[in-house]
Amino acid sequence: MAHTVARIITLQALTFLHPGTGQSTGVVDLPIQREVYSGHPMYASSGFKGCLRDKAEQKELDQNIITALFGKDTEKNNNKGSGEESNEQQGSIAGALAITDGRILAFPVRSLQQVFVWVTCPMVLNRLLRDAGFVDKKLLTTDLQTPVNNLPGNTVWVDSAARFSSPLVLEELAFTFQQNDKNEIQKQAAALIKELTGTATGFDPKRLVVIPDQDFTYLVEHATQVSARIKLNEQKTTTGGGGNLWYEETLPPETILYGFVLCHKPRMKDLGIQNVVEVAEQLEKLCADHYLQIGGNETVGQGWCHVNLFAGEEQ
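Everything numeric here is computed off the predicted structure, so don't read it as measured data.

1. Considerations on the overall build of the protein chain
Next, step 1: A count of helical and extended segments in the protein chain gives six helices and 15 strands.
Next, step 2: The 315 residues of the protein chain split such that 45% are buried.
Next, step 3: Excluding contacts between residues fewer than 6 apart, the proportion of contacts in the protein chain whose partners are at least 24 apart in sequence is 69%.
Next, step 4: Put simply, the protein chain shows about 16000 Å² of open surface, and 48% of that area lies on carbon and sulfur atoms.

2. Describing the pairing of strand β15 (residues 304-310)
Next, step 1: β15 sits mainly inside the fold: six of its seven residues count as buried.
Next, step 2: Sheet topology note: the strand β1 (residues 4-13)/β15 ladder contains six bridges and is antiparallel. Residue Ala13 lies in a different strand from β15, and its bridge partner there is Cys305.

3. Here's the deal with the side chain of Thr120
Next, step 1: For Thr120, the position within the fold is in strand β7 (residues 115-120).
Next, step 2: Classification of Thr120 as buried rests on a relative accessible area of 0%.

4. Digging into the nonpolar core
Generally speaking, a soluble globular protein has its nonpolar side chains buried in company with each other.
Next, step 1: Phe107, Val119, Val209 and Phe216 are the most contacted members of the largest nonpolar core, which has 87 residues in total.
Next, step 2: Contacts of Val209, omitting those with residues within four sequence positions, involve Val117, Trp118, Val119, Thr120, Val156, Trp157, Val158, Phe164 and Leu168.

5. Observations regarding unusual backbone geometry
As a rule of thumb, non-glycine residues mostly have phi less than zero, and peptide bonds are mostly trans rather than cis.
Next, step 1: Omega for the peptide link from Ser166 to Pro167 comes to 5°, which places this bond in the cis form.
Next, step 2: With respect to the element layout, Pro167 can be found in the loop between α3 (122-135) and β8 (168-170).
Next, step 3: A positive phi angle, near 60°, is found at Arg163, a position not held by glycine.
Next, step 4: For Arg163, a relative accessible area of 79% gives the class exposed.
Next, step 5: At Glu171, a position not held by glycine, the phi torsion is positive, near 55°.
Next, step 6: Mapped onto the elements of the fold, Glu171 is located in the loop between β8 and β9 (173-175).

6. Quick word on the state of the cysteines
Every disulfide links exactly two cysteines, by a covalent bond between their sulfur atoms.
Next, step 1: Counted according to the given criterion, the structure contains zero disulfides.
Next, step 2: Free cysteine: Cys305, not disulfide-bonded; nearest cysteine sulfur from Cys51 at 8.7 Å.
Next, step 3: When its relative accessible area of 0% is taken as the criterion, Cys305 is described as buried.

7. Thoughts on the pattern of salt bridges
Next, step 1: A full pass over the atoms with the stated rule returns eleven salt bridges.
Next, step 2: With a closest N to O distance of 2.8 Å, Arg34 and Glu249 form a salt bridge. On the criterion of sequence distance, the pair formed by Arg34 in the loop between β1 and β2 (42-43) and Glu249 in strand β12 (residues 246-250) is long-range, its members being 215 residues apart.
Next, step 3: The class of Glu249 is buried, set by a relative accessible area of 6%.
Next, step 4: Among the ionic pairs, Lys55 bridges to Asp289, the shortest N-O distance being 2.5 Å. A residue pair is termed long-range when its members are at least 10 positions apart, and Lys55 in helix α1 (residues 45-58) and Asp289 in the loop between α6 (276-286) and β14 (291-293) qualify at 234 residues.
Next, step 5: By relative accessible area, which is 9% here, Lys55 ends up buried.
Next, step 6: The partly exposed category is assigned to Asp289, whose relative accessible area is 37%.
Next, step 7: Taken together, the shared-partner salt bridges connect Glu35, Arg103, Arg127, Arg130 and Asp131 into one network.

8. Some remarks on the pairing of β12
Next, step 1: Counting buried residues along β12, four of its five residues qualify, which places the element largely inside the surrounding structure.
Next, step 2: As paired elements, strand β11 (residues 225-229) and β12 share five bridges and run antiparallel to each other. The residue bridging Gln225 from the neighbouring strand is Thr250, located in β12.

9. Some thoughts on helix α4 (residues 183-197)
Next, step 1: Its 15 residues place the ends of α4 21 Å apart at the C-alpha level, agreeing with the 21 Å of an ideal helix rising 1.5 Å per residue.
Next, step 2: Listed as buried for α4 are Asn183, Ile185, Gln186, Ala189, Ala190, Leu192, Ile193, Leu196 and Thr197.
Next, step 3: Of the surrounding secondary structure, the elements contacted by the buried residues of α4 are β1, β6 (102-111), α3, β10 (208-210), β13 (256-264) and β15.
Next, step 4: Gly198 lies just past α4 and shows a positive phi near 95°.

10. Regarding the confidence of the model for the protein chain
Next, step 1: With 88% of its residues at a pLDDT of 70 or more, the protein chain shows a mean pLDDT of 85.
Next, step 2: Across residues 76-89 the pLDDT falls below 50, and counting only partners more than four positions away or on other chains, this stretch makes 13 contacts in the model.

Basis of the calculations
Residues numbered from 1 in each chain as written. Predicted model: local features only at pLDDT ≥ 70, side-chain atom pairs only at ≥ 80, totals over all residues. Heavy atoms only, no water. Helix = DSSP H or I, 4+ residues; strand = E, 2+ residues; numbered from the N terminus. Buried < 20%, exposed > 50% of the residue type's maximum accessible area, 1.4 Å probe, protein only. Contact = heavy atoms within 4.5 Å. Areas by Shrake-Rupley, 256 points an atom, 1.4 Å probe, with all protein chains shown as cover. Pairing = 2+ DSSP bridges. Core = buried A, V, L, I, M, F, W, Y, C linked by side-chain atoms within 4.5 Å. Disulfide = S-S within 2.5 Å. Salt bridge = Lys/Arg side-chain N within 4 Å of Asp/Glu carboxyl O. Expected span 1.5 Å × (residues − 1). pLDDT = per-residue confidence, 0-100.

As structure tokens, then:
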């Protein structure tokens, strides 16, 4: 029996997402989390795991199973002697689930020809191939196995059946394309994303456009939603305890993120889960309804995603 079972987990936004940093970095008071080296949106693994644990508690799973999957904090009291205060030390016991950061896979942008399209880039696709190979090469059942070279500037790869015309305008950027064998990479990438996200998400492979790395980075930095919000006082006015104006960044609906979940052998015994297969089964039951709320602003309807687990050839 394997000691580790891997799953790819995808999140496709149904509403605006705010995986916030909790601090201001400039004009935007509450920006989203980003990778420091690329500027791409991300969702930290700690929050990701916390959302899954919160869902487990809302579904009222057995507390022993929750502890086995997600771990727990422990408290230990060491009494030094009479007349001395007890010294409380905090510790923790790791759970059987290990979760990576959520990374961007496809990003929705406005288009003059298709209302909106999903964009991705060779760097993102290559990273997905590399990450899946590091975790478990059996996870990806795709023809897209070799590294993809970056595109020349202002050119894109599209589905030949999508009826795009050149130039293709995305936000304020204009791109040209040619019908050639390179468009086969677009079809392979679109088929892969469709397979990872599942059949119930509404992802349309013909709407996927592969763009140069530098243009993708520009769009994920400048095509997010920035909204002005304000706090009202008890009288529903903006003065005298209100008027707290701030700007908040969110990822738009249809954004697709991915991460990996590693199911390990249970680290604690006598909690109802005996082996790594049962850990994977509990994870699949937890995500069986395919919905998950992540990030902030839950009470204003943000953060809802379609979640899908992909097991590759292991099933």
